[in-house]
Amino acid sequence: MEADALWLYGACFVSSVGMALNRPSRTAILPSLVPTRSLSNAVAWSAGLLQVASFTGPSVAGTLIAWSGGATAGYCAIATSAVLGFALSLRIRPCPPPA
C-alpha cells in the first residue's frame, strides 16, 4: 500500500472519530441554546445544515484546489473557517431555564 493511501485512510479515520464525537455533543447542547417551543425547528435546521455542509464543503474545496492549482488555498480556507467558527461560537449564550 502506498504512503498516500495510508494518509487518506488516516484522515478518514480521524474525520470519522470527530463526527462520532461531534454529533452527540451538538444534539445534547441544542436544548440549552434554543427555547423549548423552538426545539423541533432547531433540530430540523441543524440536521439540514449538516447535510448541506457535508455536500458543499468538499465540493467547494475541490473547486478551490482545481482553480488555484494546489491545496494551499484550501488549507487557508479551512484555517479561516475554523477561526471564524471559533470567534462566532464565543457569541453563543445559553437560553435561560424555563420558568
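Further up the page is the structure itself.
Presented here is an overview of the structure given in this document.

Reading the values: rules and limits
Residues numbered from 1 in each chain as written. Predicted model: local features only at pLDDT ≥ 70, side-chain atom pairs only at ≥ 80, totals over all residues. Heavy atoms only, no water. Helix = DSSP H or I, 4+ residues; strand = E, 2+ residues; numbered from the N terminus. Rg over C-alpha atoms; globule rule 2.2 N^0.38 Å. Buried < 20%, exposed > 50% of the residue type's maximum accessible area, 1.4 Å probe, protein only. Areas by Shrake-Rupley, 256 points an atom, 1.4 Å probe, with all protein chains shown as cover. Polar contact = N/O pair within 3.5 Å; in protein donor to acceptor, adjacent residues only side chain to side chain. Expected span 1.5 Å × (residues − 1).

## Structural notes on the overall build of the protein chain
Stage number 1. Regarding its fold elements, the protein chain presents 3 helices and 0 strands.
Stage number 2. Mapped from its N terminus to its C terminus, the protein chain presents α and β elements in the order α-α-α.
Stage number 3. For 99 residues, the compact-globule estimate of 2.2 N^0.38 gives 13 Å, and the protein chain exceeds it by more than 25% at 17 Å.
Stage number 4. When its C-alpha atoms are laid out on the principal axes, the protein chain stretches across 60 × 30 × 20 Å.
Stage number 5. Counting across all 99 residues of the protein chain, residues that qualify as buried make up 6%.
Stage number 6. When the accessible surface of the protein chain is summed, it comes to about 8100 Å², and 73% of that surface belongs to carbon and sulfur atoms.

## Some remarks on the environment of Arg 93
Stage number 1. Secondary-structure assignment places Arg 93 in the segment after helix 3 (72–89).
Stage number 2. Measuring from C-alpha to C-alpha, the distance between Arg 93 and Gly 10 comes to 35 Å, with 83 residues separating the pair along the chain.
Stage number 3. Looking at Arg 93, its side chain comes within polar contact range of the main-chain oxygen of Leu 90, at 3.0 Å.

## Looking at helix 2 (residues 39–68)
Stage number 1. Given a rise of 1.5 Å per residue, 30 residues ought to cover 44 Å, and the 41 Å separating the end C-alpha atoms of helix 2 matches this to within 8%.
Stage number 2. When we look at burial in helix 2, the residues that qualify are Ala 42, Ser 46 and Leu 50.
Stage number 3. Note on helix 2: the residue one or two positions beyond its end, Gly 69, has a positive phi of about 85°.

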